Amino acid sequence: MASERIEGLAAVLSAVRAETGVTQPKLVERVGLGRSVVAQRVAELERAGLIEGAGLGPSSGGRAPRRLRLRAERGVVVGIDIGPAELVVGIADLTGAVLATRQQRVDVAGGPEAVLTLAETLAAELCRARRRPVWAVGVGVPGPVEFRTGLPVVPPIMPGWDRYPIRDRLRSRFGAPVWVDNDVNLMALGELHAGSGTAGHMLYVRAGVGIGAAIVMDGRLYRGANGSAGDIGHVAIPEGDNVICRCGNIGCLEAVAGGVTTSDPARATLIGGTLATLVSFYNPNLLVLGGSLARGGAPVLGAVREVIHKRALPLATRDLRIELSSVPEEIAGVTGAIALALDEVFAPVNLEVWLAAGSPDQVPQNVW
């Protein structure tokens, strides 16, 4: 459990990250701490080299308040999005602004050695061009991940990846903390950071080679007990009949409605039927369609809306917004991987560790 001091530092830092140029009086309002406590936490974050002054804000009659901003240039974070057939690697500053990306075709079924070697090579090239220390790495994979350990667990389309130590390997390579998650969870994080942050309760659904969902509760990603929340691709549907899925079961949604043709409105209605059940069960205020569902545009959006409003409970759909993803598909995963890395490295439990060391790149690897 982090101390009150660390919790306060994390709260102030989070508020500065959320609004570049926020003034100190505004921080008092946002974080719910006293004026003197906020002043102390701001001073400590400035001494640590995390935030700095950014000019003066408008005066309300007295002395003009200082604006504050994150020192984004102090380091970089790496995002790695591993898809079934494509790898995207990106590098960002500490605000999460993406500085550069690289994309390359891969076959995830070829196993972790080839894919991760390529990811390491692309990331190293991007890092060398920026000449800044790597503070954190976020990784997304197209399969179930036990978030606590960062290990893929029996991923249906990733032979050879079961319990492969992605986190340990990349931590050793980059000398920085690494977090691994399911790719759809990261797309949902990318959506939140890109402008859907007002969605207190959101379902993000991505369809393509696989089908998956991510759940956001009270503005935070919900992973469940072990990290498999939202894995709707392997829910059995009546239309499944005797269709055999890659997971070994029969009649899975992914086996019937997955693939590139999910941009077809007729097939999207099958996904919509499952989503109607989820909407009644979870009652989100926002449902975001990503992947090939987003590529399908207005026809797919209309088909899914129609099925959900027909089958879900009226109270569950009364305030429900159903929208296409606002983040381009090719960078949705890597944007989320970067957001994950930043959220975790600045979380209270990790902030306490590396503040004591001076910066994340000075923390011994075995601590992470």
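Residues numbered from 1 in each chain as written. Predicted model: local features only at pLDDT ≥ 70, side-chain atom pairs only at ≥ 80, totals over all residues. Heavy atoms only, no water.

Close approach of charged atoms allows side chains of opposite charge to pair. Per the stated rule, a full pass over the model turns up 21 salt bridges. Salt-bridge contacts for Arg102 lead to Glu125; the nearest nitrogen and oxygen are separated by 2.5 Å. Linking Arg102 in strand E6 (residues 98–105) with Glu125 in helix H4 (residues 112–130), this pair joins segments that are 23 residues apart in sequence. Relative accessible area serves as the criterion here: at 34%, Arg102 is assigned to the partly exposed category. Looking at Glu125, the relative accessible area reads 30%, which means it is partly exposed. Within the structure, one salt-bridge network assembled from shared partners comprises Glu52, Arg69, Arg71 and Glu73. (Salt bridge = Lys/Arg side-chain N within 4 Å of Asp/Glu carboxyl O. Helix = DSSP H or I, 4+ residues; strand = E, 2+ residues; numbered from the N terminus. Buried < 20%, exposed > 50% of the residue type's maximum accessible area, 1.4 Å probe, protein only.)

Turning to the sheet that holds strand E2 (residues 51–56), a few remarks are in order. On the basis of which strands lie adjacent, the open sheet formed by 3 strands has the order E1-E3-E2 and antiparallel pairing. The two strands at the open ends of the sheet, each matched to only one other strand, are strand E1 (22–23) and E2. As defined by bridge partners, E2 adjoins strand E3 (residues 66–70) across 4 bridges and the pair is classed as antiparallel. Along E3, the bridge assignment pairs Gly53 with Leu68. Its contacts with the sheet place helix H1 (residues 4–18) against E1, E2 and E3, and it is angled at close to 90° to E3. (Pairing = 2+ DSSP bridges. Contact = heavy atoms within 4.5 Å. Axes fitted to C-alpha atoms, helices over the stretch in contact; angles between N-to-C directions.)

Attention now moves to empty space enclosed by the protein. The final tally for this structure, using the stated rule, is 1 cavity of 30 Å³ or more. There is about 320 Å³ of room inside the largest cavity. In terms of lining, the largest cavity is formed by 24 residues, of which the most central are Pro142, Gly143, Asn182, Ile211 and Asp231. Looking at the lining of the largest cavity, the elements that each hand over two or more residues are helix H6 (183–196) and strand E12 (211–217). (1 Å grid on protein atoms, 1.4 Å probe; cavity = no way out; pocket = protein on both sides within 12 Å on 5 of 7 lines; lining within 4 Å. Points joined across faces, edges and corners; volume = space filled by probe spheres on them.)

Attention now moves to the pairing of strand E7 (residues 134–141). Counted residue by residue, E7 has 8 buried out of 8 residues, so it is predominantly covered. Inspection of the sheet shows E7 paired to strand E10 (residues 178–182) by 5 bridges, in the parallel sense. Residue pairing across strands places Gly138 opposite Trp179, the latter belonging to E10.

Now for unusual backbone geometry. The backbone phi angle of Arg131 is positive, close to 55°, even though this residue is not glycine. Examined against the element boundaries, Arg131 turns out to sit in the loop between H4 and E7. A relative accessible area of 77% places Arg131 in the exposed class. Not every positive phi belongs to a glycine, and Asp241 is a case in point at roughly 45°. Turning to its location among the elements, Asp241 is positioned in the loop between strand E13 (220–222) and helix H7 (253–257). Take Asp241: its relative accessible area is 61%, and that puts it in the exposed class.

This next bit is on the sheet that holds strand E14 (residues 286–291). The strand order across the open sheet built from 5 strands is E13-E12-E11-E14-E15, with neighbouring strands paired in mixed fashion. With one partner strand each, in any of the chains shown, E13 and strand E15 (321–324) form the two edges of the open sheet. Taken pair by pair, the neighbouring strands of this sheet meet at an average axis angle of 25°, ignoring direction. Examined bridge by bridge, E12 and E13 share 3 bridges and lie antiparallel to one another. Its bridge partner lying in E13, Ile215 is registered against Tyr222. Helix H10 (residues 297–311) rests against E14 and E15 of the sheet, and its axis sits at about 155° to E15.

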